[in-house]
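Tertiary structure, described
Okay, here's what each chain looks like letter by letter:
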Amino acid sequence: MMQALKSPRLGGLSALSCVLIILPFTLSNSFQLDVAIQVGIAAIVVVGLNLLVGFAGQISLGHAGFMGMGAYMSAILSGTYGWSPLLALIFAAICVGGLAFLIGGPILRLKGHYLSMATLGLGIIIAIVINTESWLTGGPDGLVVEPLSLFGWALSPFDEYHLLGISLSGTQVWYILIASLLVFAVWLALNIIDSPTGRALRAVHGSEIAAQVVGVNTAHYKVKVFVISAVFASVMGSLSAHYTGFITPNIAGFHHSIELITMVVLGGMASTYGVILGAVILVLLPQVLADLQEFEMLAFGLILMVTMIFMPKGLLPTLLNLLNKPKQKTTSEEAA
Amino acid sequence: MKTTKYTLALTLTLAATGVSLTPVQAAETLRIGAFVSATGPASFLGDPELKTLELYIKEINAQGGVLGQQVELVHYDDGGSAGKARTYVNRLIGADKVDMIIGGSTTGTTMAAVPLVEQAQVPFISMAGAIVITDPVKKWVFKTPQTDRMAATKVLQDMKARGMTKIGLISGTGGFGRSGHKHTLEVAKEMGIEIVADETYGPQDTDMTAQLTKIKSTPGVQAVFNFGFGQGPAIVTKNYAQLAIDLPLYQSHGVASDKYIELAGDAAEGVRLPASPLLVADTLPETDPQKPVVTAYKAKFEAAYNMPVSTFGAYAYDALMLAVDALERAGSTDKAKVRDALEQTQNYVGVTGVYNLSAQDHMGLDVSSFRLLEVSQGTWKLVE
Amino acid sequence: MLAELLQYLFTGVTLGATYALVALGFTLIYNASHVINFAQGEFLMIGGMSTFFLLEAGLPLPIAILLSVLLAGALGIALQKFAIAPAKNADVVTLIIITIGASIFLRGLAQLVWDKEIHAVPAFSGDTPLVIGGATLLPQNLWVLGISVIVVLALVYFFTRTLTGKAILATSMNADAAKLVGIKTQFILMLAFALSAILGAVAGVVVAPITFTAYDIGIMLGLKGFVAAAIGGLGNGVGAIVGGLILGVTETLAAGYISSDYKDAVPFVIILLILFFLPNGLFGSRSTERV
């Protein structure tokens, strides 16, 4: 039992669950709970994105495009065409996954900056289409989204619900939903990393040619992880649209893509818990810096630069390294 | 071991940020919340709005505040993003516990806030243009600017009066331009005006000669209407002059600021646009009821910031003054009473127009509040 | 018909020249250090904004321009010394994020030191359009084209005829070998950043009378410059110029003949198509990966 807890999978997951369970009791108002939900949504997206960027070493500067597609398809299908939101969400995820599959083949042949360029282009094209086709998407003025519902049971952040005799606000139910999904997403990501796919991906990251030489079908695995991360983004796009009840093309924009990749790099590439920390910081930072007013932009840029210069591996890996250092010393001394 | 380490790290971070997000409650002040797009693509709107709010809150406090209380302005910059706007409105309501909210420089940021203020039942005055904000009427939502539809109507009326029935339209692809584009098409249809050329440009575009060349070479165009804000319309105006297009050019209220003439220079000569009387404050007839209000606002703003006033700053002025007026008539900060008072505003003389609100109309202006201006010898001139 | 096409080409080539100058800036830095500098657009902003405010302060135009360009050069050196050099062993993505941080920082600084207004820098030699074959051209368009040609010629001379230029090329090909033959690579890197910043600032000043200038103008121009550089093939000077021109001309042709709504999407469709067939851009060298 103790042994099991020490493995990153069970240990990390139970730590994460503990934090998620304790967290709502430390929050004093609905605004803080709302921010927590947004952190959760972003965290799930970047856990998916991290599989691509952190483990397979493939940069995507267009992931917000997938998130935007999911959000808008859900909003339009459930709103304009009256589909059930769950069906719309699944359909959107299949479409986005399909698109990622089709385009992943040629795009993922590209290396380094060309891959960044291509994914950036893909994201921008999606954003332009959403912004332009206003008869369908509402254009830059945005689109109102129906609340999430299942078999006629609607989950609106504004209603009251009763579960097992406890009265909960809609926001609290949303928190439970997103928190559970986060734990599930982390579990899924850790499983993928430990699977043959994950090992193949790490081989790709290390040296793609070496991986090919030993017989790994690198293209196959890269496309696979591209599709997985796109589906993560699409599903969270759909859920975030239903949660906020209103979306604008910003969700698919270039800036949002940059924000997502920054969460991954800042928190710690290839560290599933690290990128969650990245999401926490990047969602909270503007709220904390808001009091600085005109200095906000300056401070944000500076923090981003300084963190990346001094912790190029990202926050969590650097912090853990610091914590582990003394211990390593003792072990090496023992060995000596 | 690892478990505790993770838990510790995460809890510490969360606790640290949680503390800093907890507001300090000041005693016995009236709190007005604001969220504007002070930076980002809509800073052309949000920047003068925020400056106006800060300026007048200071003045109100110097004069003893409202209802005997000092007024505190809690404001956030949403950068033009609806998602951020939504979070900040949540913060204003849930954490800052404001008595009233002014904000939403754009339609997108306003609409993101609507469900939240309706749910929390906080009076909310928007500074954005689209019709959807107050039509259908939402119980807690008000707005100060005329609608984009009214601007389009004012321009098309003038075109029709000058005998023009075939026009070219060029609009920005930002929220402002898109909304204007949509309503111009609708109003034109009703008035029997045909849009024979319909072009767009991006908010960051630096050259519109291609689009204007296309309009120029469209047969039968009698006038051109540009709906947009920021530097776009100024570039359109300069390109228009460069291409020597010999047709009347109309702009929207999106450029109603001396800044536009400064940027476009001589090319702006003869351009017509609908605007509040703010830009012609000095030449308004003495009998005009808005004259004192307009002149005072212009003088105060320009003295404080050393930059020209814009129509958008005036929306914030009107929003704040309507709010103060309603608070005083309600005699308390009780949100329902303030809302009722706001809805009953009659003959309130503002910078943008004279407001008459009702249960059916949460904006209270009509097309006549727009004046038609023309640029003549580097300054604004009333056309009517 | 012909006059229209000519007009689209005039506009397209002027825009393209601007993009090409930005793309050359990307190329310079990429060549020397393999960093994609997402703050490149900010140097254009600094060139334009600083010139405007120095003019406001009463300085004559040539001196205002000179000082602005020097300011940008100094910032370029600072960027390399304080942000890029300390992180030289970091991942590609990490470096991208650092330059994005730098661009946000510079933008934040500009709106504090200067302001958030849009400003017009006066045209260098008047606003009277020239009419050629039924299409019109502003004197400033000629300035943009002329300066671009001069800059390109100066760069060619610098890289083929001067020792310092050759040292930069040597460093870009193999930094370790360059170090062994006595090239001060750290100095060379700083020089590349300074040059690139100067290039950006020159572009920013010369287009400011046409495009206006504001603290946030660098985002879009920087992005377009990156696209141009990638079309041509990163690290290739000729490619950057051709890429810039292709981008400018297709954009205006798309606005003129296809749809102004989708003109900004056209360059990205083009780049996706190019990359599908030529994964290293038009002029990029075939890369070999060492195992």
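Treat the numbers as computed from the prediction; the structure is a model and nothing was measured.

**Focus on the overall build of chain B**
A count of helical and extended segments in chain B gives 12 helices and 14 strands. Against the globule reference of 21 Å for 384 residues, chain B gives a C-alpha radius of gyration of 22 Å, in line with a compact fold. On the principal axes, the C-alpha backbone points of chain B span a range of 75 × 60 × 40 Å. Put simply, of all contacts in chain B between residues at least 6 apart along the chain, 68% involve residues at least 24 apart. Taken as a whole, chain B presents about 12,800 Å² of accessible surface, with 54% of it coming from carbon and sulfur. For chain B, the separation between the mean place of its 34 positive charges and that of its 40 negative charges on side chains is 6 Å.

**So, the pairing of strand E13 (residues 371–376) of chain B**
All names here are of chain B. The element E13 is largely enclosed, with a buried count of 6 among its 6 residues. The side-chain alternation of E13 yields two buried faces, one formed by Arg 371, Leu 373 and Val 375 and the other by Leu 372, Glu 374 and Ser 376. Sheet topology note: the strand E10 (residues 272–275)/E13 ladder contains 4 bridges and is antiparallel. Of the residues in E13, the one forming a bridge with Ala 275 is Arg 371.

**With respect to the interface of chain B and chain A**
Each partner contributes to the interface: chain B provides 41 residues, whereas chain A provides 42 residues. Buried surface at the junction of chain B and chain A, summed over both partners, amounts to about 3,800 Å²; 65% is from carbon and sulfur atoms. For the pair chain B and chain A, the number of links is 1 salt bridge. At the boundary of chain B with chain A, the tally comes to 8 residue pairs in polar contact (both at pLDDT 80 or more). Taken together, the residues that form the side of chain B that touches chain A break down as 13 nonpolar, 22 polar and 6 charged.

**What to know about the domain arrangement of chain C**
All names here are of chain C. In terms of domain boundaries, chain C breaks down into domain 1 (28–216) and domain 2 (217–291). Contacts between the two partners involve 16 residues from domain 1 and, on the opposite side, 9 residues from domain 2. Both sides together, the interface formed by domain 1 and domain 2 hides about 980 Å², and carbon and sulfur atoms give 74% of it. Its largest share of buried area at the contact with domain 2, domain 1 owes to Tyr 30, Ile 36 and Asp 216, together 35% of the area lost on that side. Applying the counting rule to domain 1 against domain 2 returns 0 salt bridges. Between the two partners, domain 1 and domain 2, sit 3 residue pairs in polar contact (both at pLDDT 80 or more). When contributions to the side of domain 1 that touches domain 2 are tallied by element, the ones reaching two or more residues are helix H1 (2–33) and helix H2 (40–56).

**Brief notes about the confidence of the model for chain B**
Regions with low pLDDT should not have their predicted coordinates read in detail. All names here are of chain B. Across chain B, the average pLDDT comes to 89, with 93% of residues at or above 70. Within chain B, helix H1 (residues 2–21) has the poorest average pLDDT of any element, 50, and strand E4 (residues 124–126) the best, 97. Every residue in residues 22–26 is under pLDDT 50, and counting partners more than four places away or in other chains gives 10 contacts.

**Regarding the packing of aromatic side chains**
A complete count under the given rule lists 25 aromatic pairs over all chains for this structure. Each ring, one from Phe 66 of chain A and one from Phe 226 of chain A, has its centre 5.7 Å from the other, and the planes form 80 degrees; the classification is edge-to-face. Separated by 160 residues along the polypeptide, Phe 66 of chain A in helix H4 (residues 63–79) and Phe 226 of chain A in helix H11 (residues 218–244) bring together distant segments of the chain. Geometrically, the ring pair formed by Tyr 260 of chain B and Trp 380 of chain B is stacked, given 6.4 Å between the ring centres and 25 degrees between the ring planes. One end of the pair, Tyr 260 of chain B, is in helix H9 (residues 258–264); the other, Trp 380 of chain B, is in strand E14 (residues 379–382), and 120 residues separate them in sequence. Residues Tyr 260 of chain B and Trp 380 of chain B agree in their burial class; the two are buried. Clustering of aromatic rings is evident, with ring pairs tying together Phe 44, Phe 176, Phe 225, Phe 227, Phe 229, Phe 312 and Tyr 315 of chain B. The cationic tip of Lys 51 of chain B hangs over the ring face of Tyr 305 of chain B; the distance from NZ or CZ to the ring centre is 5.7 Å. Taking NZ or CZ as reference, Arg 339 of chain B lies 5.9 Å from the ring centre of Trp 140 of chain B, over its face.

**Examining the interface of chain A and chain C**
The interface of chain A with chain C comprises 45 residues on the first partner and 49 residues on the second. Each partner contributes to the roughly 4,200 Å² buried at the junction of chain A and chain C, and carbon and sulfur atoms together form 81% of this total. Remark: the boundary between chain A and chain C carries 5 residue pairs in polar contact (both at pLDDT 80 or more). Broken down by secondary-structure element, the contributors of at least two residues to the side of chain A that touches chain C are helix H5 (85–107), helix H6 (112–132), helix H10 (208–213), helix H12 (254–267) and helix H14 (296–310) of chain A. Looking at the side of chain A that touches chain C, the element that brings in the most residues is H6 of chain A, giving 13 residues. Residue composition of the side of chain A that touches chain C, grouped by class: 32 nonpolar, 8 polar and 5 charged.

**Here we look at helix H3 (residues 30–55) of chain A**
Residues and elements named next belong to chain A. For H3, built from 26 residues, the straight-helix expectation of 38 Å at 1.5 Å per residue is met to within 8% by its first-to-last C-alpha distance of 36 Å. Of all the bends in H3, the largest measures some 40 degrees and sits at Leu 49. Taking burial as the measure, the 26 residues of H3 include 24 buried ones, the bulk of the element. Just downstream of H3 lies Gly 57, where phi reads positive at about 70 degrees.

**So, the UniProt feature "domain: Leucine-binding protein" (unreviewed entry) in chain B**
UniProt feature "domain: Leucine-binding protein" (unreviewed entry): in the numbering of this structure it lies at residues 29–375 of chain B. The span residues 29–375 of chain B is 43% helix and 18% strand, and its two end C-alpha atoms sit 45 Å from each other.

**Examining the sheet that holds strand E2 (residues 70–77) of chain B**
Residue and element names in this part refer to chain B. An order of E2-E1-E3-E4-E5 is seen for the 5 strands of this open sheet, with the pairing classed as parallel. The strands lining the two open edges of the sheet, one partner per strand, are E2 and strand E5 (141–143). This sheet shows a mean twist of 25 degrees between the axes of neighbouring strands, independent of strand direction. Relative to E2, strand E1 (residues 29–36) runs parallel, the two sharing 8 bridges. The partner of Ala 34 across the bridge, within E2, is His 75. Helix H2 (residues 43–62) contacts E1, E2 and strand E3 (100–103) of the sheet and is inclined by roughly 165 degrees relative to E2.

**Section: the UniProt feature "transmembrane region" (unreviewed entry) in chain C**
Residue and element names in this part refer to chain C. Following the UniProt record, one finds the feature "transmembrane region" (unreviewed entry) at residues 6–28, 61–80, 92–114, 142–160, 187–206, 212–231, 238–259 and 265–283. For residues 187–206, the helix share is 100%, the strand share is 0%, and the end-to-end C-alpha distance is 28 Å. Strand forms 0% of residues 265–283 and helix 63%; the C-alpha atoms that close the span are 22 Å apart.

**Things to note about the packing of helix H7 (residues 209–216) of chain B against H1 of chain C**
Interaxial distance between H7 of chain B and H1 of chain C falls to 9 Å at its minimum, and their mutual angle equals 170 degrees. Compared by their axis directions, H7 of chain B and H1 of chain C come out roughly antiparallel. Along the contact surface, H7 of chain B presents Thr 209, Ala 210, Thr 213 and Lys 214 of chain B, while H1 of chain C presents Glu 4, Gln 7, Tyr 8 and Thr 11 of chain C. Among the residues making up the contact of H7 of chain B with H1 of chain C, the classes are represented as 2 nonpolar, 4 polar and 2 charged.

**Description of the environment of Pro 279 of chain C**
When you line up the elements, Pro 279 of chain C lands in the segment after helix H11 (266–277). C-alpha of Pro 279 of chain C to C-alpha of Ile 231 of chain C: the two residues are 48 residues apart in sequence and 9.9 Å apart in space.

**Re the pattern of salt bridges**
Tallying each qualifying case throughout the model produces 26 salt bridges over all chains. For Arg 86 of chain B, the salt bridge identified is with Asp 34 of chain A, shortest N-O distance 2.8 Å. Of this pair, Arg 86 of chain B sits in helix H3 (residues 82–94) while Asp 34 of chain A sits in helix H3, which puts the two residues in different chains. For Arg 86 of chain B, a relative accessible area of 6% translates into the label buried. When the shortest N-O distance is used, the salt bridge between Glu 302 of chain B and Lys 298 of chain B registers 3.5 Å. Of this pair, Glu 302 of chain B and Lys 298 of chain B both sit in helix H10 (residues 291–305), 4 residues apart, which is roughly one turn of that helix. Salt bridges sharing partners connect three or more residues here, namely Asp 205 of chain B together with Lys 224, Glu 251, Lys 263 and Asp 264 of chain C.

Definitions and cut-offs
Residues numbered from 1 in each chain as written. Chains lettered and ligands numbered in written order. Predicted model: local features only at pLDDT ≥ 70, side-chain atom pairs only at ≥ 80, totals over all residues. Heavy atoms only, no water. Helix = DSSP H or I, 4+ residues; strand = E, 2+ residues; numbered from the N terminus. Rg over C-alpha atoms; globule rule 2.2 N^0.38 Å. Contact = heavy atoms within 4.5 Å. Areas by Shrake-Rupley, 256 points an atom, 1.4 Å probe, with all protein chains shown as cover. Lys, Arg positive; Asp, Glu negative; His and termini not counted. Charge placed at Lys NZ, Arg CZ, Asp CG, Glu CD. Buried < 20%, exposed > 50% of the residue type's maximum accessible area, 1.4 Å probe, protein only. Pairing = 2+ DSSP bridges. Buried area = accessible area lost by both parts, 1.4 Å probe. Salt bridge = Lys/Arg side-chain N within 4 Å of Asp/Glu carboxyl O. Polar contact = N/O pair within 3.5 Å; in protein donor to acceptor, adjacent residues only side chain to side chain. Nonpolar A, V, L, I, M, F, W, Y, C, P; charged D, E, K, R; others polar. Domains from an automatic or database assignment. pLDDT = per-residue confidence, 0-100. Phe/Tyr/Trp six-rings, centres within 6.5 Å; stacked < 30°, edge-to-face > 60°. Lys NZ or Arg CZ within 6 Å of the ring centre and 35° of its normal. Expected span 1.5 Å × (residues − 1). Bend = angle between axes of the 7 residues up to and from the residue. UniProt positions renumbered as here; feature names shortened; annotations may be inferred. Axes fitted to C-alpha atoms, helices over the stretch in contact; angles between N-to-C directions. Parallel < 35°, antiparallel > 145°, perpendicular 65-115°, else oblique.

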